[in-house]
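Commentary on secondary and tertiary structure
Listed below, chain by chain, are the residues.
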Amino acid sequence: MELFRALRRGAGGGAITVAARNVEASAGAARGFVEIVVADDGEGMPDEVLSQAFTPYFTTKAAGSGTGLGLLQVKRFAEGRGGAGCIESERGGGTLVRLFLPRVHAAGLPGRIVGAGIAYTQSPNGGVFHVVNPAAAAPTS
C-alpha cells in the first residue's frame, strides 16, 4: 500500500529496496522472527507525519483519496501473529518500514523462490510486483 504510494511519488527516480532476513531468538524468546524491510531513498517523513503513521485514519493524501488505514493494517497483521511493525525515517534520508513475523520451521518444505528476483511493472492505476524464479523461467529443452 505505502510501497505503491512511494513508487507513484518517486516517478522522477529513486530506489525502493525490499529485503528479508531471519532474526534468531534472543535469550528467553520462544522463537525467532523473519524481518521484512521496505526502504526507500526518498525525502523521508517529517516528524509530525512519522509520529502519526500508525494512527487510524491519518493520511497525507487529499480528502477522498485515502483511508489512512494502510500502515495500521500492516502493523495489526503482524501484531495479531505475535510480531511487530515499526517505521524509521529521516528527512532527506528516506524511510524504512520493518515488519517482524514469527518464524515457522517447516522442515522438509523446499524454498520455491530462493534466488528469485522481484520485478515491478508500473501502470496508471498502481503497479504489479512479479516474483521471478530464474530456474522456473529457464527453458527446459
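When helices and strands are counted, the protein chain shows 4 helices and 6 strands. Mapped in sequence order, the helices and strands of the protein chain form the string α-β-β-α-α-β-β-β-β-α. Per-residue burial for the protein chain yields a buried fraction of 20% across its 141 residues. Taking contacts inside the protein chain between residues at least 6 apart in sequence as the whole, the part at least 24 apart equals 48%. Surface accessibility of the protein chain: about 9600 Å² in total, with carbon and sulfur atoms responsible for 56%.

For S89, the location among the structural elements is in strand β3 (residues 84–90). Within the structure, the side chain of S89 is placed 2.6 Å from the backbone nitrogen of M45, a separation counted as a polar contact. At 3.3 Å, the side chain of S89 forms a polar contact with the backbone oxygen of G94. Look past the residues within four positions of S89 in its chain and what remains in contact with it is G44, M45, L50, G94 and T95.

Right, let's talk about the pairing of strand β4 (residues 94–102) for a bit. Here strand β2 (residues 33–40) pairs with β4 via 8 bridges, running antiparallel. Among the inter-strand pairings, I36 is bridged to a residue of β4, identified as L99. In the sheet, β3 pairs with β4 via 7 bridges, with the strands oriented antiparallel. The residue of β4 that forms the bridge with G85 is L99. Remark: 3 residues form the turn of the hairpin made by β3 and β4, two consecutive strands paired antiparallel; G92 in that turn has positive phi of roughly 80 degrees.

What counts and how
- Residues numbered from 1 in each chain as written.
- Predicted model: local features only at pLDDT ≥ 70, side-chain atom pairs only at ≥ 80, totals over all residues.
- Heavy atoms only, no water.
- Helix = DSSP H or I, 4+ residues; strand = E, 2+ residues; numbered from the N terminus.
- Buried < 20%, exposed > 50% of the residue type's maximum accessible area, 1.4 Å probe, protein only.
- Contact = heavy atoms within 4.5 Å.
- Areas by Shrake-Rupley, 256 points an atom, 1.4 Å probe, with all protein chains shown as cover.
- Polar contact = N/O pair within 3.5 Å; in protein donor to acceptor, adjacent residues only side chain to side chain.
- Pairing = 2+ DSSP bridges.

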